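Structural features, examined
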Amino acid sequence: MAKKIGSYLFPILDSDPPPRVGIARLAASARHADDGHLIQFKSLEVRSILNKSVSKRQLSLAYSINPYRGCEFACRYCYARYTHEFLAPGRSSVEAGTTMTSHDAFEHEIYLKRNAAWLLEQELRHIDPTQEIALGTATDPYQPIERRVRITRSLLEVFSRKSGYRLGIVTKSRLITRDIDLLQQIAARNTLVLHVTITTPDAALARLLEPRAPRPDLRFEAVRKLRQAGLTAGILCCPLLPGITDSEAALNAMASRASAVDASFFAANPLFLKSCSRPTFFKFVQEHFPNLEADYAARFATADFAATPYRKLLSQRVDKVCRKHGLAPRSSDALLTRDIGAAKRPAVNVGAPRQQMLFG
């Protein structure tokens, strides 16, 4: 048995499925909430919204919050696809007669976490408020469904009543500007740092990499609005893709636009490619950059992370363009609210007027 949405078939579980525990049991009982374009939304009754962070990438944040499970933006490089493996072990969906893995389902089956604000209110009472909290580490908190269900906004309403917390938000969406009123309230009594991810200023390339995310120009404009509202908001040029977006010229173009919108900081990190992401990303490379296929296969044959010499090279390039355009760099992990970089530097050798750099 299966339910068809567009060209996709979402299986209906047997009446007597194998025993499931934890998040898989909760997912099995999740109720249908809505449908989108090739997407099925389900209401998930979770037991906690504040997650203690344990990361192989050695992130320094203490806690993370993800209002959703799965993400509509369908970024080809997304490292969080593996999270759907825990929802229904061994289950697959069917697309045009072929198996859709749980990694593919990450962008087609989205879970909406119920009672998120109530849970957050309870859980914040039991943590040290000076520890880092990141909103949006394994899903975008402002993906399209947020316009209707407003889970992220409900979480911000909780923080707006608190003092002394350290909150970092990461998104690719201009929808964050909807919540400027709450963000200003939070920033007045807490440490708040906003991160807008813009992988490339090239709209055509962005559409291939991040099919359902807003256009790059709209994201730049979102940063401008956040800064005009007096908020600390910077740009993450992440991930940097070898041979595609990692050249000094490409970084310079991004940094010039970041400067044009008065970004609080500019950061860029190399591609981190987990095994769950490789099939989707390698397919993207094969279709659009076939000349780089062998290079990527070699780079990520035995490791998820970029090699140390390459990371150092990119760090030097990023520092150079930050100095050129008077941007504060991120000197630590991009999700932190601490140590976001020194004060803005005077720009040196900036060639084009800012308006031209942003829209030219």
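Preceding this paragraph is the structure being described.
Residues numbered from 1 in each chain as written. Predicted model: local features only at pLDDT ≥ 70, side-chain atom pairs only at ≥ 80, totals over all residues. Heavy atoms only, no water.

We now examine the nonpolar core. The biggest cluster of nonpolar side chains holds 63 residues, and the ones touching the most others in it are Ile133, Ile169, Ile235 and Phe266. Not counting chain neighbours up to four residues away, the residues in contact with isoleucine 169 comprise Leu135, Pro141, Tyr142, Leu156, Ile176, Leu183, Leu192, Val193, Leu194 and His195. By size, the runner-up hydrophobic cluster in this structure holds 20 residues, among which are Cys71, Ile244, Leu273 and Leu292. (Core = buried A, V, L, I, M, F, W, Y, C linked by side-chain atoms within 4.5 Å. Buried < 20%, exposed > 50% of the residue type's maximum accessible area, 1.4 Å probe, protein only. Contact = heavy atoms within 4.5 Å.)

What follows concerns the pairing of strand 10 (residues 109-113). Across the five residues of strand 10, five count as buried, placing the element largely inside the fold. Residues of strand 10 alternate between two faces, with Glu109, Tyr111 and Lys113 on one and Ile110 and Leu112 on the opposite face, all of them buried. Where strand 4 (residues 39-44) meets strand 10, five bridges bridge the pair, whose relative direction is parallel. Its bridge partner lying in strand 10, leucine 44 is registered against lysine 113. The pairing of strand 7 (residues 68-69) with strand 10 spans two bridges and is classified as antiparallel. Opposite tyrosine 68, over in strand 10, you have leucine 112 as the bridge partner. (Helix = DSSP H or I, 4+ residues; strand = E, 2+ residues; numbered from the N terminus. Pairing = 2+ DSSP bridges.)

Across the sheet, seven strands lie side by side as 5-6-11-12-13-14-15; this open sheet has mixed pairing. Unpaired on one side and paired on the other, strand 5 (50-52) and strand 15 (266-267) mark the two borders of the sheet. For strand 13 (residues 191-197) and strand 14 (residues 233-236), the ladder comprises four bridges, and the chain directions are parallel. The residue bridging leucine 194 from the neighbouring strand is alanine 233, located in strand 14.

On to the environment of glycine 164. Residue position: glycine 164 is located in the loop between helix 5 (151-159) and strand 12 (166-171). Along the chain, glycine 164 and isoleucine 186 lie 22 residues apart, while their C-alpha atoms are 9.6 Å from each other. Residue contacts for glycine 164: discarding those within four places in its chain leaves Pro129, Thr130, Arg189 and Asn190.

Our next topic: unusual backbone geometry. Look at the link from cysteine 238 to proline 239: it is a cis peptide, with omega at -10°. Looking at where proline 239 falls in the secondary structure, it is placed in the loop between strand 14 and helix 9 (248-260). At arginine 150, a residue that is not glycine, the phi angle is positive and equals roughly 60°. Along the chain, arginine 150 falls in the loop between helix 4 (146-149) and helix 5. Residue arginine 150 is classed as partly exposed on the basis of its relative accessible area, which comes to 40%. Even without being a glycine, aspartate 262 presents a positive backbone phi close to 65°. Positionally, aspartate 262 belongs in the loop between helix 9 and strand 15.

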